[in-house]
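Listed below, chain by chain, are the residues.
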Amino acid sequence: MLLVSCVIAVFLLHPNDHAANIATYVLALNFVLTLIISAKIKPQIVPFRLPHYSLFLALYVAISTLWSDAADLEKFLRELANAVLVLGFYFSVVNSTTSTRPRQTIHTFIVAAGLAALSMIISHIQDHDVFYRMSGFGSLENPLVAANCFGIALCFLVLDRTHWPYKGHYVAALLLITAILMLQTKSTIIALTVAAVTYWCTHSERSRLAKTLVPTSFILCALGALGATYLLAPQHFTIEPTGLNLTSFRITIWQAYLNDLWSSGDILFGQGLLANTYIANPYKEAFINYPALYFFEHPHSLLLSTVYYSGIVGGILLLVHYILQIASSLTPGALFRRQGMIALLAYCCVCLLLDGNKLVDKINFVWILFWLPAALLSAKNLKPELNNSGQREGAFPAR
């Protein structure tokens, strides 16, 4: 548990992103040694064998290195080592969640995210105009990465809000929401809206009118937030020959990679994990004012990236993994988990649909938005209980 918390804290708080890599090396080494020496990692899992499928998915994506044009033994072993890092994190979270209270990992994430948000806000106000788009530091230097991580922290906070003393969750929520707005990341606002609507609609006791009016209000709030973002940074909404920049040129990027994949003929198994993803923008002339968009670095969608690297087979495996996650969250007798975890999965799915690159890589926000929720769903004790006051607890009950 301590090592998992350290990895999360270092990833969110350390100004050097390489420090998080070192922390994952230690975590993976501890996992492998524990597995070899004592074989203690025998978590009781929910149905559908999600941990075993996660193992298969990570290894398949890593093995796709073999059919890359630039593949060799050294590069294959390096990507296989990345798969070990990912699985070490995943199974360490599963093991710590089944052996102790899972709330500790989530609280560490929320506190670290709140401190990171506070630090970024203070630094930004000191150095820039308050309406200028905020950026972070270390692993959160990219505004989109920072906003996505703060968004999932906000989701965790809502799911586990009953266990925060002295109304501390209000302070954390205020910091996270302020940071998300200052980061001016549209995809995070959209994903949070989808999560809120999903959470509300999965309450079976809601009336039909409530299920209609409240999601509508959530959508209106999201449009209001996007409108505020427009007022703060209208350059992000300028009209280009290829369409509105409201989508951050995602349609253009996805079209370019789909065309490249189709023309390569590697549709079934993809171009391999080491494929060269630098693609010239087919509409380069339309982006004369955006030199950074003359070339695309990667597909900016976890689903499309997985298909690009691992083919339709990889894409199907990824979709099946999500289906298993949803099925695990629908386990009978776990009402709060059904509502809370499905909303969390909705948030993560939207974020990763709109961005993300390799499913197997060194630690990045894909670990936080894909592997962390999957690990929590794989734990045995994600069931609601009643506390001493007779109220239903959050998604992660105390023992």
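Everything numeric in this text was worked out from a predicted model, so none of it was measured.

> Is there a simple way to think about the packing of aromatic side chains in this case?
Pairs of aromatic rings are described using the distance from one ring centre to the other and the angle between the two planes. This model, assessed by the stated rule, comprises 12 aromatic pairs. When the centroid spacing of 6.0 Å and the interplanar angle of 80° are considered together, the rings of tyrosine 308 and tyrosine 309 count as edge-to-face. For tyrosine 309, a relative accessible area of 2% corresponds to the buried category. Between tyrosine 322 and phenylalanine 370 the ring centres are 5.4 Å apart and the planes differ by 85°, which places this aromatic pair in the edge-to-face class. Within this pair, whereas tyrosine 322 is found in helix α11 (residues 302-329), its partner phenylalanine 370 is found in helix α13 (residues 365-378), the two being separated by 48 residues in sequence. Comparing tyrosine 322 with phenylalanine 370, the two get one shared label, buried. One aromatic cluster in this structure is built from Phe31, Tyr90, Phe91, Tyr322, Phe370 and Trp371. The residue whose ring lies beneath lysine 358 is tyrosine 309, and the NZ or CZ to ring-centre distance is 5.9 Å.

> What is the right way to read helix α10 (residues 250-264) from this model?
Turn by turn, an α-helix covers 3.6 residues, leaving residues three or four places apart pointing in a common direction. Look at α10: 21 Å from first C-alpha to last across 15 residues, which is about the 21 Å you get at 1.5 Å a residue. All buried positions along α10 are accounted for by Arg250, Thr252, Ile253, Trp254, Ala256, Tyr257 and Leu261. Just past α10, the residue glycine 265 takes up positive phi, approximately 80°.

> Help me out: how do you make sense of the confidence of the model for the chain in this one?
Fine structural detail should not be taken from predicted coordinates in areas where pLDDT scores are low. With 74% of its residues at a pLDDT of 70 or more, the chain shows a mean pLDDT of 78. Of all the helices and strands in the chain, strand β1 (residues 239-240) carries the lowest mean pLDDT, 41, while helix α6 (residues 143-159) carries the highest, 92. Low pLDDT, under 50, characterises residues 381-399; the stretch is placed with 61 contacts to residues that sit more than four places away or in other chains.

> Which parts of the structure should I look at to understand a nonpolar patch on the surface?
A cluster of nonpolar side chains, contributed by Leu55, Leu59, Ile63, Leu66, Trp67, Leu268, Phe269, Ile312 and Ile316, occupies part of the molecular surface with about 760 Å² of accessible area. Secondary-structure elements contributing two or more residues to the nonpolar patch are α3 (50-63) and α11.

> For this particular structure, what's the right way to read the packing of α10 against α11?
Between two packed helices, both the angle of their axes relative to each other and the distance between the axes serve to describe the pair. For the pair α10 and α11, interaxial distance at closest approach is 10 Å and the crossing angle is 20°. Here α11 runs roughly parallel to α10, going by the angle between their axes. Taken as a pair, α10 and α11 cross one another with a handedness that is left-handed. Together, Trp254, Tyr257, Leu258, Asp260 and Leu261 of α10 and Leu304, Val307 and Tyr308 of α11 make up the contact between the two elements. The class makeup of the residues in the contact of α10 with α11 is 7 nonpolar, no polar and 1 charged.

> I keep staring at the nonpolar core and nothing clicks. Help me out?
Buried together is how nonpolar side chains tend to be arranged in soluble globular proteins. Counting 105 residues, the largest nonpolar core has Phe150, Tyr347 and Phe370 as the members making the most contacts within it. Here this core gets 13 residues from one element, more than from any other, and that element is α6. Residue contacts for tyrosine 347: discarding those within four places in its chain leaves Ala147, Asn148, Gly151, Ile152, Cys155, Thr188, Ala191, Leu192, Ala195 and Leu369.

So, how was this worked out
Residues numbered from 1 in each chain as written. Predicted model: local features only at pLDDT ≥ 70, side-chain atom pairs only at ≥ 80, totals over all residues. Heavy atoms only, no water. Phe/Tyr/Trp six-rings, centres within 6.5 Å; stacked < 30°, edge-to-face > 60°. Buried < 20%, exposed > 50% of the residue type's maximum accessible area, 1.4 Å probe, protein only. Helix = DSSP H or I, 4+ residues; strand = E, 2+ residues; numbered from the N terminus. Lys NZ or Arg CZ within 6 Å of the ring centre and 35° of its normal. Expected span 1.5 Å × (residues − 1). pLDDT = per-residue confidence, 0-100. Contact = heavy atoms within 4.5 Å. Patch = residues over 30% accessible without salt bridge, like charges linked within 9 Å, V, L, I, M, F, W, Y side chains within 5 Å. Areas by Shrake-Rupley, 256 points an atom, 1.4 Å probe, with all protein chains shown as cover. Salt bridge = Lys/Arg side-chain N within 4 Å of Asp/Glu carboxyl O. Axes fitted to C-alpha atoms, helices over the stretch in contact; angles between N-to-C directions. Parallel < 35°, antiparallel > 145°, perpendicular 65-115°, else oblique. Left-handed = near helix turned anticlockwise from the far one by under 90°. Nonpolar A, V, L, I, M, F, W, Y, C, P; charged D, E, K, R; others polar. Core = buried A, V, L, I, M, F, W, Y, C linked by side-chain atoms within 4.5 Å.

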